[in-house]
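Architecture and fold: a report
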Amino acid sequence: MSDYVVPQPRISIPDHAPEAFKALYAVSRAINPHLDPVLAELVKLRCSQINGCAYCVDMHTRDALKAGEDERRLFAVSAWREAPFFTAKERAALALAESVTLVAETHVPDDVWEGAEKEFTPEELSYLLLAITTINTYNRLQVSSRALPRP
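Summary of the structure given here. (Residues numbered from 1 in each chain as written. Predicted model: local features only at pLDDT ≥ 70, side-chain atom pairs only at ≥ 80, totals over all residues. Heavy atoms only, no water.)

1. Considerations on the packing of helix H2 (residues 18-31) against helix H9 (residues 122-145)
Put simply, the rule is: Interaxial angle, 0 to 180 degrees, is taken between N-to-C directions of lines fitted to C-alpha atoms, where a helix line uses only the stretch in contact. Secondary structure elements are taken from DSSP: a helix is a run of H or I of four residues or more, a strand is a run of E of two residues or more, and numbering for both begins at the N terminus. Between 65 and 115 degrees an angle is taken as roughly perpendicular, under 35 as roughly parallel, over 145 as roughly antiparallel, and anywhere else as oblique. Handedness of a crossing follows from how the near helix is turned relative to the far one, being left-handed for an anticlockwise turn of less than a right angle and right-handed for a clockwise one. By the convention used here, residues are in contact when the closest approach between their heavy atoms is within 4.5 Å. Classification used: nonpolar for Ala, Val, Leu, Ile, Met, Phe, Trp, Tyr, Cys and Pro, charged for Asp, Glu, Lys and Arg, polar for all others including Gly.
One can describe the packing of H2 onto H9 by two numbers: an axis separation of 10 Å at closest approach and a directional angle of 150°. The angle between the axes of H2 and H9 places the two elements in the roughly antiparallel class. Viewed along their axes, H2 and H9 form a crossing whose handedness is left-handed. In this structure, H2 uses Phe21, Leu24, Tyr25, Val27, Ser28, Ala30 and Ile31 to contact H9, whose residues at the interface are Tyr127, Leu130, Ala131, Thr134, Thr137, Tyr138 and Leu141. Within the contact of H2 with H9, the residues separate by chemical class into eleven nonpolar, three polar and no charged.

As structure tokens, then:
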């Protein structure tokens, strides 16, 4: 039997800062129509995996499935470099997502940026960056507040 105890939620940000949380949600809604839904969910899932956000990993795995993503590809997101299932565009997006998420360590290397520029128009790249930074904001809020996925 395990001694592991599931962390208890600390605070509900939407309950205590509803206007700001609604504004953050509005940003997400403004970004979504400009990105391929499957690609967006892969990026959100990878950022959430890196940040250890159980709430967001659960949400974006389910959202990816609803968007038509294949389970096998979802299982391989954490190992996307070694998995043969991802397109050049998805690989560029995942590399950018990792670099931006780990910006204090990586500072978004030129080769990562150039790879993204090859695959995305400036408009797409702008919305992709907004999606990456927004999910990182959600991850930090959910991890800090210990938001838990619904059973």
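Next comes the rest of the description.
2. Some remarks on helix H4 (residues 54-66)
To be explicit about the condition: One less than the residue count of a helix, multiplied by 1.5 Å, gives the span that helix is expected to have. The buried label applies to any residue whose accessible area, calculated with a 1.4 Å probe on protein chains only, is under 20% of its type's maximum; exposed applies above 50%, and partly exposed to all values in between. When we speak of the arc, we mean the arc of directions from the helix axis to the C-beta atoms.
Taking 1.5 Å of rise per residue, 13 residues should cover 18 Å, and H4 covers 18 Å from first to last C-alpha, within 8% of that figure. Taken together, the buried positions of H4 are Tyr55, Cys56, His60 and Ala64. Looking straight down H4, one finds that the buried residues subtend no more than 145° of arc, so they occupy a single side. Of the surrounding elements, those touching the buried residues of H4 are helix H3 (37-51), helix H5 (71-75) and H9. Just beyond H4, the residue with positive phi is Gly68, at close to 100°.

3. Details of the nonpolar core
As a reminder of what qualifies: The definition of a nonpolar core used throughout is a set of buried Ala, Val, Leu, Ile, Met, Phe, Trp, Tyr and Cys residues joined through side-chain atoms within 4.5 Å.
Of all hydrophobic cores here, the largest spans 37 residues; its most connected members are Leu42, Val43, Phe86, Leu96, Phe120, Leu128 and Ile132. Listing elements by their share of this core, those giving two or more residues are H2, H3, H4, helix H6 (88-101), helix H8 (110-119) and H9.

4. Notes on the side chain of Glu41
Definition in use: None of His or the chain ends enter the tally, which takes Lys and Arg as positive and Asp and Glu as negative. Any carboxyl oxygen of Asp or Glu that lies within 4 Å of a side-chain nitrogen of Lys or Arg is treated as forming a salt bridge with it.
Its place among the elements puts Glu41 in helix H3. Nearest to the buried, unbridged Glu41 among oppositely charged side chains is Lys44, at 4.0 Å. Beyond its immediate stretch of four places on either side in the chain, Glu41 contacts His60, Asp63 and Ala64.

5. Describing the pattern of salt bridges
One pass over the full model with this rule turns up six salt bridges. With a shortest N-O distance of 3.0 Å, Asp58 and Arg62 are connected by a salt bridge. Pair noted here: Asp58 and Arg62 are both in helix H4, with a separation of four residues, about one helical turn. Close ionic contact of Glu90 with Arg73 constitutes a salt bridge, the shortest N to O distance being 2.7 Å. Placement of the pair is Glu90 in helix H6 and Arg73 in helix H5, with a sequence separation of 17 residues. The buried category is assigned to Arg73, whose relative accessible area is 14%. When salt bridges that share partners are traced, they join Arg46, Arg81 and Glu98 into one network.

6. Here's the deal with the packing of aromatic side chains
Quick note on the threshold: Two aromatic rings from Phe, Tyr or Trp, using only the six-membered ring of Trp, form a pair when their centres are within 6.5 Å; if the ring planes differ by under 30 degrees the pair is stacked, by over 60 it is edge-to-face, and anything between is tilted.
In the structure shown here, the tally under the stated rule is one aromatic pair. Both rings, one in Phe21 and one in Tyr138, keep their centres 5.9 Å apart while their planes meet at 75°; by these two values the pair is edge-to-face. Remark: Tyr138 occurs in helix H9 and Phe21 occurs in helix H2; sequence separation between them is 117 residues. A relative accessible area of 12% places Tyr138 in the buried class.

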